Amino acid sequence: MRVLVTGGCGFVGAAVVRLAVERGDNVLNLDRRRKSIAVPALSNAAQHQGYARLEADVTDRAMIRAIMREFAPEAVIHLAASSDDDPNTVVDAEIGGAFAVLEAARQYYERLEGEKRARFRIVHLEQAESDIPAKLTRAQAARSAAAALFDRWARAHDLPLVTCVAGEAFGPWQAQSSFMARLVSSLIYQQPFKLEMAGETVRDWLPIRDLAAGLLQAAEVAPAQSRFDLSVGAERRDIDIAESICSLLDERAPMADGTLWSSLLVIEGDGARAPAGPMMDSREAELELGWEPAGFYIGLDRLLTWALASHAASQARRTTQAAE
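In this report, the structure presented in the accompanying data block is examined. Everything quoted here is computed from the prediction, not taken from an experiment.

Counting its secondary structure elements, the protein contains ten helices and twelve strands. Relative to the compact-globule value of 20 Å for 324 residues, the protein shows a C-alpha radius of gyration of 21 Å, a close match. With the C-alpha coordinates of the protein rotated into their principal frame, the extents come out at 70 × 55 × 40 Å. The buried share of the protein, taken over its 324 residues, is 46%. Counting every atom, the protein has about 16400 Å² of accessible surface; 49% of that belongs to carbon and sulfur.

On to the sheet that holds strand β11 (residues 235-237). If you walk across this open sheet you meet the three strands as β7-β9-β11, and the pairing is mixed. One side of each edge strand has no neighbouring strand; the edge strands of this open sheet are β7 (168-170) and β11. Strand-to-strand twist across the sheet, computed as the mean angle between neighbouring axes with direction ignored, equals 50°. Relative to β11, helix α8 (residues 238-252) is tilted by about 85°, and along the sheet it contacts β9 (202-207) and β11.

What follows covers the nonpolar core. In this structure, Val16 and Leu211 are the most contacted members of the largest nonpolar core, which totals 41 residues. Among the secondary structure elements, those contributing two or more residues to this core are β1 (2-6), α1 (11-23), β4 (75-78), β6 (161-166), α7 (208-221) and β10 (226-230). Per element, the largest residue contribution to this core is nine residues, and it comes from α1. Discounting residues that sit within four places of it in the chain, Val16 has contacts with Val5, Ile77, Leu79, Ala212, Leu215 and Leu216. Ranked by size, the runner-up nonpolar core spans 26 residues in total, among them Phe193, Met255, Trp261 and Ala307.

Given a rise of 1.5 Å per residue, 15 residues ought to cover 21 Å, and the 21 Å separating the end C-alpha atoms of α8 matches this to within 8%. By the burial criterion, the buried members of α8 are Asp238, Ile239, Ile241, Ala242, Ile245, Cys246 and Leu249. Seen along its axis, α8 keeps its buried residues to an arc of 160°; they face one direction.

Following the criterion strictly, the structure yields nine aromatic pairs and no others. For the pair Phe179 and Phe193, a centre-to-centre distance of 5.7 Å together with 75° between the ring planes defines the contact as edge-to-face. Taken together, the positions of Phe179 in helix α6 (residues 179-188) and Phe193 in strand β8 (residues 193-195) put the pair 14 residues apart, joining distant regions of the chain. You can call Phe193 buried: its relative accessible area is 4%. For the pair Phe296 and Tyr297, a centre-to-centre distance of 5.0 Å together with 80° between the ring planes defines the contact as edge-to-face. Among the aromatic side chains, those forming a connected cluster through ring pairs are Phe170, Phe179, Phe193, Trp205, Phe296 and Tyr297. Here the guanidinium or amino end of Arg117 rests over the ring plane of Tyr109, the centre of that ring lying 4.1 Å away. Lying over the aromatic face of Phe179, Arg203 brings its terminal NZ or CZ to 4.6 Å of the ring centre.

Another aspect to go through is the pairing of strand β5 (residues 121-127). Of all seven residues in β5, five are buried, a share of seventy percent or more. Strand direction decides the pairing type here: β4 and β5, joined by four bridges, are parallel. Residue Val76 lies in a different strand from β5, and its bridge partner there is Ile122.

Glancing now at the side chain of Ser178. By the element assignment, Ser178 lies in the loop between β7 and α6. Judged by relative accessible area, Ser178 falls into the buried class, the value being 16%. Separated by 3.4 Å, the side chain of Ser178 and the backbone nitrogen of Ala181 make a polar contact.

Here we take up unusual backbone geometry. In this model, Ala72 sits at a positive phi of 55°, which is unusual for a non-glycine residue. If you trace the backbone, Ala72 turns up in the loop between α2 (61-71) and β4. Even without a glycine there, the phi angle at Gln190 is positive, about 55°. Looking at the secondary structure, you find Gln190 in the loop between α6 and β8.

The strands making up a sheet are joined through hydrogen bonds of the backbone, oriented either antiparallel or parallel. One open sheet holds the seven strands; their spatial order is β3-β2-β1-β4-β5-β6-β10, and the pairing between them is parallel. The open sheet terminates on both sides in strands that have one partner only, identified here as β3 (51-55) and β10. Shown here is a sheet whose adjacent strand axes are inclined to one another by a mean of 20°, direction ignored. Pairing analysis gives five bridges linking β6 to β10, with the strands arranged parallel.

Parameters and conventions
- What you see as residue numbers is a count from 1 along each chain, following the sequence as written.
- Given that this is a predicted model, residues contribute local features only at a pLDDT of at least 70 and side-chain atom pairs are listed and counted only at 80 or more, while totals for whole chains, interfaces and linings are drawn from all residues.
- By convention in this description, side-chain values take in all heavy atoms of the structure and omit both hydrogens and water.
- A run of H or I in DSSP becomes a helix once it reaches four residues, and a run of E becomes a strand once it reaches two; helices and strands are each numbered from the N terminus.
- All radius of gyration figures rest on C-alpha atoms, and the globule criterion is 2.2 Å times the number of residues raised to 0.38.
- Categorising residues by exposure relies on relative accessible area from a 1.4 Å probe, with only protein chains included: less than 20% of the type maximum marks a residue as buried, more than 50% marks it as exposed, and the intermediate range marks it as partly exposed.
- We get accessible surface area from the Shrake-Rupley algorithm with a probe of 1.4 Å; when it comes to residues, only the shown protein chains can shield them.
- Note on pairing: DSSP must find at least two bridges between two strands before they are called paired.
- Working convention: axes come from line fits to C-alpha atoms, limited for helices to the stretch in contact. Angles between N-to-C directions cover 0 to 180 degrees.
- For this analysis, residues touch if any pair of their heavy atoms sits within 4.5 Å.
- Take the buried residues of types Ala, Val, Leu, Ile, Met, Phe, Trp, Tyr and Cys, join any two whose side-chain atoms come within 4.5 Å, and each joined set is a nonpolar core.
- Here, expected helix span is obtained from the residue count minus one, scaled by 1.5 Å.
- Note that the arc is defined by the directions from the helix axis to the C-beta atoms.
- Planes of paired rings set the category: under 30 degrees apart is stacked, over 60 is edge-to-face and the rest tilted, where pairs are Phe, Tyr or Trp rings (Trp by its six-membered ring) whose centres lie within 6.5 Å.
- We call a charge positioned over a ring when the NZ of a Lys or the CZ of an Arg lies within 6 Å of the ring centre and within 35 degrees of the ring normal.
- Any pair of N or O atoms that falls within 3.5 Å is considered a polar contact. Within protein, one atom must be able to donate a hydrogen and the other to accept it, and sequence-neighbouring residues count only if both atoms are side-chain atoms.

Written out as structure tokens, the structure is:
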């Protein structure tokens, strides 16, 4: 499959790129990050002949149209998102980027014929919302508006859009600002970790490799204008997640003095107003897409294996540098 991935240097985008390259797909990664900046999550993918990375802004309509014509993708997986906290910048990036991709895809799709037209898909990832409505930040509101734009514009122009909905993805190379990354990092460095709202916040956890596999399956076989939940049924409270990780660390890397890793967990606040996770059902994704996720515990095992290896490598470098 020839697939164009926008935001392919981000956490989710890089996972999609890695898996697509691993499968033998031809991948064009469109990301505004400077090519001079290394992306460790893509170090292996960069060595493959079928992979290319292009430094470009997804809001540049003329460029997106040109890229679509020249690369001639069979699928576009739109994952570009703003990492800027400036509300005005977020709005421009989210909504402007969504419109640029949709318009370029529309013009490209109108020129396709026969089997190429039938196979073409636009895949968009949408963040699952909690069942308990919460006040949105400007950034969240911009992303919600972009998701609505995708759906309405695609339906108005009869575009083959596929929307995938997912909760909290986790895995290697995740941003340190995320809950899971902060938790694992704090524990491995034996630092106390505070669980706010008494650790009662509920999230639907999805391993990043399973999410990437679902997005690629959607690009290949999903019906046009369809919508799928991607979930492995791992609705967990923050305290449950923390205790599971501590138990695994007790088995794999027990503390020298016999102290349990859970001793580093600090419960704070009241859980009465803790957000509840979204209610998701992945049966349609499994039946219609043939999506076969490895599951929560395998994802957690991969994350800890990677985190412990990265920590050991970091410690070894520090020891070598100190000796020099």
